[in-house]
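Here is what each chain is made of, one letter per residue.
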Amino acid sequence: MDQLNRASNIVNFAILSFLTLSTAAFGQALPDGKGKAEFERVCSNCHTAAMATRLRNTPEGWKSVVNDMVSRGAQGSQADIDNVVLYLSTNFGPDRSGAKSPPMPVATPFTPAQTTTTIALSSSEIGDAKKVIAENGCVACHRVGNEGSYIGPDLNDVGTRRKADEIRASIVSPQPTVQPENREVRLVKRDGKTIVGRILNQDGYSVQMIDATGQLATYPKSGLREFTIVDANPMPSFGNKIAGHDLDNLARYLSSLSEPGK
Amino acid sequence: MKRLALALLLLAGGSLGAQVTYERMLHADREPQNWLTYGGDYSSHRYSTLSQITKENVGMLQLKWVHQFRTLQKVENTPLVVDGIMYIGDTSQISAVDAVTGRVYWTYNHTVDPRGVFVLPMLKGLAISGNRLFWATLDGHLIAVDAKNGKPLWDKVVAVWQKGYQLNVAPLVVKNKVILGPATNEEGANCWVSAYDVETGEELWRFNTVPKPGEVNGDTWPGNSWIHGGSPIWVTGSYDPETNLTYWGTGNPNPGWNGDVRLPGDNLYSDSVVALDTDTGKLKWFYQFTPGDEFDWDSVQVPVLVNMDWKGKPRKLMLWANRNGFYYVLDRTTGEFLHGSAFVKQNWNAGFDAKGRPTKAKDHIATYEGTYIEPGVQGGTNWYSPSYSPRTGMFYISSWQNYSAVSAKVDATWKEGERYTGSGRPKRPDWTRTPPNAPLFKKETEGYGAVIALDPKTGEKKWEFKMVDYTDAGVLSTASDLVFSGGKEGNFFALDAKTGESLWKAGMGGTVASGPMTYSVNGQQYVAVCAGSALYVFGLPDVKAAR
């Protein structure tokens with residue numbers, strides 16, 4: 001087995017591993033219908049069901065969202081993908097009011113008290129923040145504690161990079177593009193396999209990346225059909241989902257996280 | 001559904017396999033493509049079953065890539081390689097790099113306290129457990145780093161540099177423990193071996209290498225001399241799963257070159273090997289190579305654990321070529337002395353008693369005017385890793401042959417933050433010029449470096465590969481009967497493990513002061529060694545498509 005095959009197997013395997021961890025919880029409380037199984041299987045690799053189902057969209061809208069996910073590495077046959085679009089369109093179509101999705105709230109202005117990180121969080125506040133993190137599937141992309149994906153920015157030391165109000169704004173109104181060090185790299189190998197991860201390094205000959213499971217891998221550029229560095233921010237707004245006290249508390253909690261042991 | 005369940009089960013098993021578990025380290029020989037511990041395996045054989053590079057093709061070795069460290073110091077690092085990823089470092093930075101291209105995945109920095117003054121600012125290597133790397137920093141931190149993204153998981157100060165300590169070793173991981181000990185900058189700080197929890201960094205046990213008065217062997221230090229007895233840890237120990245003992249070599253007593261305050265006395269456990277229960281840190285046995293040492297003959301060698309026939313009976317042995325110029329065989333279950341013979345010229349030991357205690361030559365004591373010693377202060381060998389090949393049955397060491405020195409003492413008073421050595425300049429005019437250490441103009445009778453192969457049962461020299469200059473390089477042996485080593489001349493070379501014949505060499509442009517190691521990725525074998533302040537990786541012309 002050559003390096004490329006080995007590495008791509010690792011990636012496939014990693015995605016499957018994620019499936020094993022998250023499928024059980026993923027499908028709870030989802031309406032039954034054609035395409036449910038495919039939705040659970042394909043989409044739970046990277047995120048919670050709620051991340052998709054809190055949105056409302058037309059069939060065209062869902063098709064575009066799902067196609068974007070495929071280009072980000074969602075794995076499934078064409079029939080699987082069609083069924084996912086069907087399931088989402090049928091069960092999560094536009095509301096009768098005609099609104100596509102509930103409007104995103106704008107980040108509320110801060111009072112100094114909310115930005116003050118010197119006030120230590122109580123254990124119940126920490127517990128609340130962890131609950132919000134769990135309920136919203138933040139670990140689908142980020143690392144928190146010893147859990148989560150290695151692709152998005154690590155939140156364990158986010159407090160060393162961001163203040164509470166900046167974190168709050170990122171949750172409610174994510175920037176359209178990510179910082180260069182958080183860029184995604186999407187590779188298509190000669191055999192058509194797509195590999196997605198966070199870019200760590202590259203030169204003219206090869207690219208180094210880390211995938212969701214933390215697997216480090218190097219790919220020679222000569223063995224690639226496509227090589228794309230993506231700076232679009234994949235993070236959706238959580239403004240509808242996390243608000244008020246939860247949002248303030250989460251931002252305060254995250255801003256308190258710094259490198260362990262330091 | 002059944003199929004899915006089976007698939008999930010397999011996946012769960014597979015995902016555990018990606019971690020460096022105790023099981024994997026225990027059977028490191030089953031995955032020769034990797035290099036999981038400082039010495040290559042728990043027995044510290046520094047031997048690999050990889051055999052793609054052979055006597056026939058070794059001449060075709062070519063440079064694959066170089067990693068430049070951010071230091072002007074010589075680099076003593078032995079890299080770890082786990083499934084195609086190499087972990088390396090110097091005193092200020094560690095990195096994960098692709099083992100095929102050398103391209104960096106991540107780096108993690110630690111700024112050594114600039115107020116610290118350290119005798120030997122080196123990092124010998126890292127240790128790994130699960131997905132955690134362990135880095136013992138020069139200024140006394142033990143840091144657990146996530147091997148995937150280079151982020152710190154915990155960071156503990158385990159030795160306070162202001163008190164005269166430094167960390168220099170690659171830690172040893174056994175089960176849930178990270179085991180290591182500090183060295184002292186010859187400042188007379190008493191040292192220890194201790195174990196820390198891999199998850200939390202909590203100290204689990206500690207063995208003090210200088211016992212206090214009232215403790216067993218506390219009476220080997222006259223008066224208050226024990227307070228600044230030193231006995232440091234400079235190199236990584238070994239582990240024997242059969243006895244559950246971990247073995248560590250200890251360094252010299254302080255003051256190192258003047259024993260007036262601490263003699264008569266053996267000054268335990270300086271210049272010894274200590275066998276510790278891996279679960280509790282309790283001393284099972286010790287053997288002291290150089291009792292009451294006055295010439296800095298640290299026993300900071302890597303314990304090499306070998307099971308072999310000894311006088312007709314299978315026996316668990318420990319092979320040890322010591323800085324004092326003698327080659328030893330010990331029973332590693334009991335510490336029993338089985339053999340001792342000189343592998344270099346020596347003038348200090350008039351013979352062993354039945355228990356293996358050396359009889360010191362009468363005039364071999366530190367003096368103010370100067371004492372002629374064989375071997376010299378740097379010893380017959382030193383911290384450089386030896387190698388044992390189960391194929392050839394030979395024990396390979398880097399040695400300083402015909403090497404001598406004139407060592408003189410001065411009075412020593414301990415002062416905090418100062419070196420406590422008692423080392424002076426020779427006063428006798430005919431000895432003011434010690435034998436030349438520089439290779440230029442030097443005659444072979446005045447000293448030379450050599451890789452030597454010993455018959456481990458007899459200590460008999462089977463062959464010798466001579467250099468002009470001395471050597472600080474470790475030795476690697478492989479299943480294709482190759483030996484790799486180097487030296488101060490700056491050459492990295494391959495020898496025939498059976499005969500010592502030179503097969504290949506490369507000029508590295510800097511001293512080779514590290515132990516070579518080997519690994520493979522995608523069926524291609526590589527040999528890596530640090531020279532000067534860089535890591536060099538060699539391999540055959542690409543076996544498969546070039547990267």
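About the criteria used
- Residues numbered from 1 in each chain as written.
- Chains lettered and ligands numbered in written order.
- Predicted model: local features only at pLDDT ≥ 70, side-chain atom pairs only at ≥ 80, totals over all residues.
- Heavy atoms only, no water.
- Helix = DSSP H or I, 4+ residues; strand = E, 2+ residues; numbered from the N terminus.
- Buried < 20%, exposed > 50% of the residue type's maximum accessible area, 1.4 Å probe, protein only.
- Contact = heavy atoms within 4.5 Å.
- Areas by Shrake-Rupley, 256 points an atom, 1.4 Å probe, with all protein chains shown as cover.
- Rg over C-alpha atoms; globule rule 2.2 N^0.38 Å.
- 1 Å grid on protein atoms, 1.4 Å probe; cavity = no way out; pocket = protein on both sides within 12 Å on 5 of 7 lines; lining within 4 Å.
- Points joined across faces, edges and corners; volume = space filled by probe spheres on them.
- Nonpolar A, V, L, I, M, F, W, Y, C, P; charged D, E, K, R; others polar.
- Core = buried A, V, L, I, M, F, W, Y, C linked by side-chain atoms within 4.5 Å.
- Salt bridge = Lys/Arg side-chain N within 4 Å of Asp/Glu carboxyl O.
- pLDDT = per-residue confidence, 0-100.
- Phe/Tyr/Trp six-rings, centres within 6.5 Å; stacked < 30°, edge-to-face > 60°.
- Lys NZ or Arg CZ within 6 Å of the ring centre and 35° of its normal.
- Pairing = 2+ DSSP bridges.
- Axes fitted to C-alpha atoms, helices over the stretch in contact; angles between N-to-C directions.
- Parallel < 35°, antiparallel > 145°, perpendicular 65-115°, else oblique.
- Left-handed = near helix turned anticlockwise from the far one by under 90°.

Engineer: For this particular structure, what's the right way to read the overall build of chain A?
Structural biologist: Tallying secondary structure elements over chain A gives 9 helices and 7 strands in all. Looking at chain A as a whole, 43% of its 262 residues qualify as buried. In chain A, once contacts between residues fewer than 6 apart in sequence are set aside, the share between residues at least 24 apart is 66%. When the accessible surface of chain A is split by element, carbon and sulfur atoms take 55% of a total near 12,900 Å².

Engineer: Looking at this model, I keep getting lost on the overall build of chain B. Mind explaining?
Structural biologist: Along its length, chain B carries 2 helices and 40 strands. In terms of C-alpha radius of gyration, chain B reaches 23 Å, essentially the compact-globule figure of 24 Å for 547 residues. Dimensions of chain B, computed from C-alpha atoms along their principal axes, come out at roughly 80 × 55 × 50 Å. Counting over 547 residues, chain B shows a buried share of 64%.

Engineer: Sorry if this is basic, but what is going on with empty space enclosed by the protein here?
Structural biologist: By rolling a water-sized probe across the atoms, one finds the places where empty space is left. All names here are of chain B. The final tally for this structure, using the stated rule, is 4 cavities of 30 Å³ or more. Empty space within the second largest cavity amounts to approximately 60 Å³. Lining the second largest cavity we find Thr-71, Gln-73, Lys-74, Val-75, Glu-76, Gly-89, Asp-90, Thr-91, Pro-121, Met-122 and Leu-123. Grouping the amino acids of the lining of the second largest cavity by side-chain chemistry returns 4 nonpolar, 4 polar and 3 charged.

Engineer: Where do I start with the nonpolar core in this structure?
Structural biologist: A general trend in soluble globular proteins is that nonpolar side chains are found buried together. Counting 58 residues, the largest nonpolar core has B:Tyr87, B:Ile94, B:Trp106, B:Ile128, B:Leu133, B:Phe134 and B:Leu142 as its most contacted members. Non-local contacts of B:Tyr87, meaning those with residues more than four positions away in its chain, are made with B:Pro79, B:Leu80, B:Val82, B:Ser95, B:Ala96, B:Trp106, B:Leu126, B:Ile128, B:Leu133 and B:Ala147.

Engineer: I tried to follow the pattern of salt bridges on my own but got confused; where do I start?
Structural biologist: Two side chains carrying opposite charge are able to pair once their charged atoms lie near each other. Residues and elements named next belong to chain B. All chains considered together, the criterion is met by 37 salt bridges over all chains. Glu-76 is the partner of Lys-74 in a salt bridge, and the nearest nitrogen-oxygen pair spans 3.8 Å. Its relative accessible area of 4% is what places Glu-76 among the buried residues. Taken together, the salt bridges that share partners define one network made up of Lys-74, Glu-76, Lys-124, Asp-472 and Lys-488.

Engineer: Which parts of the structure should I look at to understand the environment of A:Tyr87?
Structural biologist: Residue and element names in this part refer to chain A. Within the secondary structure layout, Tyr-87 lies in helix 5 (residues 78-91). The exposure class of Tyr-87 is buried, given its relative accessible area of 0%. Through-space distance from the C-alpha of Tyr-87 to that of Asn-136 is 21 Å; in sequence the pair is 49 residues apart. If we ignore the near neighbours within four places in the chain, the residues touching Tyr-87 are Leu-30, Pro-31, Asp-32, Gly-33, Lys-34, Gly-35, Lys-36, Phe-39 and Phe-92.

Engineer: Can you walk me through the confidence of the model for chain A in this structure?
Structural biologist: Atom-level detail of predicted coordinates should not be read off regions where pLDDT is low. Residue and element names in this part refer to chain A. Summarising the model, chain A shows a mean pLDDT of 80, and 74% of its residues fall at 70 or more. Every residue in residues 1-25 scores below 50 in pLDDT, and together they form 46 contacts with partners more than four places removed in sequence or on other chains. The low-confidence segment residues 101-117 (pLDDT under 50) makes 27 contacts with residues lying over four places distant or belonging to another chain.

Engineer: How do you make sense of the packing of aromatic side chains when you look at a structure like this?
Structural biologist: We describe a pair of aromatic rings using the distance from one ring centre to the other and the angle between the two ring planes. Residues and elements named next belong to chain B. Considering all chains together, one arrives at 38 aromatic pairs over all chains under this definition. Between Phe-295 and Trp-297, the aromatic rings sit 5.9 Å apart at their centres with planes inclined by 50 degrees, giving tilted as the arrangement. Note on accessibility: Phe-295 and Trp-297 belong to one class, buried. The rings of Tyr-287, Phe-289, Phe-295, Trp-297, Trp-320, Phe-326, Tyr-328, Phe-337, Trp-348 and Phe-352 are connected pair by pair, giving a single aromatic cluster. If you follow Arg-46 out to its NZ or CZ, it ends over the ring of Tyr-38, 5.0 Å from the centre. Here Lys-409 stacks its cationic end above the ring of Tyr-368, 4.9 Å away from the centre of that ring.

Engineer: What's the story with the sheet that holds strand 3 (residues 184-189) of chain A in this structure? I'm lost.
Structural biologist: Hydrogen bonding along the main chain pairs the strands of a sheet, whether they run parallel or antiparallel. Residues and elements named next belong to chain A. The strand order across the open sheet formed by 5 strands is 6-5-4-3-7, and the pairing between neighbours is antiparallel. Among the strands making up the open sheet, the edge pair consists of strand 6 (216-220) and strand 7 (224-230). Sheet twist, expressed as the mean angle between neighbouring strand axes with direction ignored, is 40 degrees. Across 6 bridges, strand 3 lies against strand 7 in antiparallel orientation. Along strand 7, the bridge assignment pairs Leu-187 with Phe-227.

Engineer: Please clarify how the packing of helix 8 (residues 164-172) of chain A against helix 9 (residues 244-255) of chain A should be interpreted in this entry.
Structural biologist: Axes are the key here: two packed helices are described by the angle between their axes and the distance separating the axes. All names here are of chain A. Two elements in contact, helix 8 and helix 9, have axes whose closest approach is 8 Å; the angle formed by their N-to-C orientations is 125 degrees. Between helix 8 and helix 9, the angle is such that the two are oblique. Handedness of the helix 8/helix 9 crossing: right-handed. Taken together, the residues of helix 9 that come into contact with helix 8 (itself represented by Ala-164, Ile-167, Arg-168, Ile-171 and Val-172) are Leu-247, Asp-248, Leu-250, Ala-251, Arg-252, Leu-254 and Ser-255. Here the residues of the contact of helix 8 with helix 9 sort into 8 nonpolar, 1 polar and 3 charged.

Engineer: It is not clear to me how the environment of A:Ile126 should be interpreted in this structure. Could you clarify?
Structural biologist: Residue and element names in this part refer to chain A. Along the chain, Ile-126 turns up in helix 7 (residues 123-135). On the accessibility criterion, Ile-126 (28% relative accessible area) is partly exposed. Sequence-wise, Ile-126 and Tyr-253 are 127 residues apart; in three dimensions their C-alpha atoms are separated by 6.5 Å. Ignoring any residue separated from it by four or fewer positions in sequence, one finds Ile-126 in contact with Leu-121 and Tyr-253.

Engineer: Mind showing me how you'd approach the sheet that holds strand 17 (residues 238-240) of chain B here?
Structural biologist: Residue and element names in this part refer to chain B. Strand order in the open sheet formed by 4 strands is 17-18-19-20, with antiparallel pairing between adjacent strands. Edge strands, defined here as strands with exactly one partner in the open sheet, are strand 17 and strand 20 (283-288). Neighbour-to-neighbour, the strand axes of this sheet turn through a mean angle of 20 degrees, independent of strand direction. In this sheet, strand 19 (residues 272-277) lies alongside strand 18 (residues 245-249) in antiparallel orientation, the contact comprising 5 bridges. By the bridge assignment, Thr-246 is partnered in strand 19 with Leu-276.

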